[in-house]
Amino acid sequence: MAKDITMEIIAKELGVSKSLVSRALSDSYGVSDKTRNEIKLAAIRMGYVIKTQKRKSERTDNITVVVEKRALEDADFWVKIINALHSRLNNKGKSMFLSSIDNNEDDIPISISQMKSDGIIVLGRVSVNIIISSNKFLKPIVLVDSMYEDLKYDQVMANNYRGAYNACEYLLKHGHKRIGFVGSENYAVSFKERIRGFTTCMNENANESIEVFMVSEQYDDYYIPFNRNHFIQMMKNKKRPTALFCANDITAIEVYSILKEMGIKIPKDISIIGFDNITKSEWLNPPLTTVHISKTAMGQKAADLIMEKIDNPAKESETILIGTHIISRESVRSYENN
């Protein structure tokens, strides 16, 4: 059994006094918001339960699902997960509160603050401040495709590393030796894992003829998860990639648009593979080869995990990786002369 985390252990880990930790965790005087949040986040990461509310003993048969408002614009990804969650929870006799939040505000959903839920499922890029605030109500929390892989909660993720490794391998098997990655590592944990899978595959196949191109540092905004200027400069070079692995299909769609403006044809001049298999990937010209994730499986597994945690709060947290596979379409062709 894991060692119980105490305030003394947290204080030692952070190099601060126990009294400061105590005041931060109890929202007492004399602690700045920045320090309070840093201590609370560290406590959650270490597995400490912030006990500022009494657990409501009676069941409500409700689950709160928290998602950022902008994510609901992506019906091809998050809405499919939400639909799968709703169906699974309904089959288990649970109702679902869907709470869309603005990450610029720290107000938590009323269904959480008024103790009207048995558990909380957090989808995607939700502010850590909201997760910290929700934690103190002592309800089970499950994270789905989270930005915070080091928090000690049950988590559901796609197997981003293996999916990216397979995508890179797919391009290599099609004869490509100059291969680029497009997508910022700062955008999401899933992107970091996809970069890791890509670079591992390229390193394992490295030789004097293999060349790697990376557009993976900063990103323009929520809707463009890479740096367009950096990408355009890379594609203006005479010796540019013959194939690109885009960190998700949204990135690939933007890449298609840029390449069209530059007069670079897909797949004649360059091959493209994406990730997520959203519906729009089939509508592109040419249709996009991509890595498929089962959004239904992600939603179902998240529902199963929250129910297991409600029934057994002492259960050790776990991370579930949902498998992926490649959907071959027309955006990748074999290349024999690079």
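Here the structure is shown first, and the text comes after it.
Worth saying up front: this structure is predicted, and the values here are computed from it rather than measured. (Residues numbered from 1 in each chain as written. Predicted model: local features only at pLDDT ≥ 70, side-chain atom pairs only at ≥ 80, totals over all residues. Heavy atoms only, no water.)

Draft legend 1. Fine view of the pattern of salt bridges. Evaluation of the coordinates by the stated rule reveals twelve salt bridges. The salt bridge involving Glu254 is made with Arg228; its shortest N-O contact spans 2.8 Å. Here Glu254 is found in helix α10 (residues 249–262), whereas its partner Arg228 is found in helix α9 (residues 228–236), with 26 residues between them in sequence. Through salt bridges with shared partners, a single network forms among Asp61, Lys94 and Asp118. (Salt bridge = Lys/Arg side-chain N within 4 Å of Asp/Glu carboxyl O. Helix = DSSP H or I, 4+ residues; strand = E, 2+ residues; numbered from the N terminus.)

Draft legend 2. Highlighting the sheet that holds strand β7 (residues 211–215). Spatially, the six strands line up as an open sheet ordered β7-β6-β8-β9-β10-β12, and their pairing is mixed. With partners counted over all chains shown, the strands left at the sheet margins are β7 and β12 (324–327), one partner each. Each strand of the sheet is rotated relative to its neighbour by a mean of 20°, with strand direction disregarded. Sheet topology note: the strand β9 (residues 271–276)/strand β10 (residues 289–293) ladder contains four bridges and is parallel. What sits directly across from Gly274, in β10, is Thr290. Across the sheet, helix α8 (residues 189–204) is in contact with β6 (178–182), β7, β8 (243–246), β9 and β10; its angle to β6 comes to roughly 170°. (Pairing = 2+ DSSP bridges. Axes fitted to C-alpha atoms, helices over the stretch in contact; angles between N-to-C directions. Contact = heavy atoms within 4.5 Å.)

Draft legend 3. A look at the nonpolar core. Ranked by size, the top nonpolar core spans 53 residues in total, and within it Leu85, Ile121, Leu123, Val144, Phe245 and Ile306 carry the most contacts. Ignoring sequence-local partners within four residues, the contact set of Leu85 consists of Val65, Met96, Ile121, Leu123, Gly299, Ala302 and Ala303. Ile224, Ile232, Ala252 and Ile270 belong to the second largest nonpolar core, which has 22 residues in total. (Core = buried A, V, L, I, M, F, W, Y, C linked by side-chain atoms within 4.5 Å. Buried < 20%, exposed > 50% of the residue type's maximum accessible area, 1.4 Å probe, protein only.)

Draft legend 4. Expanded view of the packing of α9 against α10. As a packed pair, α9 and α10 sit with axes 11 Å apart at the nearest point and diverge in direction by 45°. Considering the angle they form, α9 stands oblique to α10. For the pair α9 and α10, the crossing hand works out as right-handed. Of the residues in α10, those touching α9 at Arg228, Phe231, Ile232, Met235 and Lys236 are Glu254, Val255, Ile258, Leu259, Glu261 and Met262. Across the contact of α9 with α10, the residue classes break down as seven nonpolar, no polar and four charged. (Parallel < 35°, antiparallel > 145°, perpendicular 65-115°, else oblique. Left-handed = near helix turned anticlockwise from the far one by under 90°. Nonpolar A, V, L, I, M, F, W, Y, C, P; charged D, E, K, R; others polar.)

Draft legend 5. Representation of the side chain of Lys94 within the structure. Within the fold, Lys94 resides in the loop between α4 (78–91) and β2 (95–101). Lys94 gets classed as buried once you look at its relative accessible area, which sits at 6%. For Lys94, the side chain forms a polar contact with the side chain of Asp61, separated by 3.2 Å. Setting aside residues up to four positions removed in sequence, Lys94 forms contacts with Arg59, Asp61, Asn62, Ile63, Leu89, Asp118 and Met307. (Polar contact = N/O pair within 3.5 Å; in protein donor to acceptor, adjacent residues only side chain to side chain.)

Draft legend 6. Inspection of the sheet that holds strand β1 (residues 62–68) at higher detail. The strand order β2-β1-β3-β4-β5-β11 describes an open sheet built from six strands, whose pairing is parallel. Edge strands, defined here as strands with exactly one partner in the open sheet, are β2 and β11 (319–322). Each strand axis lies, on average, 20° off the axis of its neighbour in the sheet, ignoring direction. Across five bridges, β1 lies against strand β3 (residues 119–123) in parallel orientation. Residue pairing for β3: Val65 is matched across the bridge by Ile121. Where helix α6 (residues 128–135) meets the sheet, its contacts fall on β2, β3 and β4 (141–144), and the angle it forms with β4 comes to roughly 160°. Relative to strand β5 (residues 154–158), helix α12 (residues 295–311) is tilted by about 170°, and along the sheet it contacts β1, β3, β4, β5 and β11.

Draft legend 7. Molecular detail of the packing of aromatic side chains. Applying the stated criterion across every chain, the model contains eleven aromatic pairs. Ring geometry for Tyr187 against Tyr219: centres 5.1 Å apart, planes inclined by 90°, an arrangement best described as edge-to-face. Placement of Tyr187 in the loop between β6 and α8 and of Tyr219 in the loop between β7 and α9 is noted, with a sequence separation of 32 residues between them. A ring pair is formed by Tyr222 and Tyr223, whose centres lie 5.1 Å apart and whose planes are at 80°; its orientation type is edge-to-face. (Phe/Tyr/Trp six-rings, centres within 6.5 Å; stacked < 30°, edge-to-face > 60°.)

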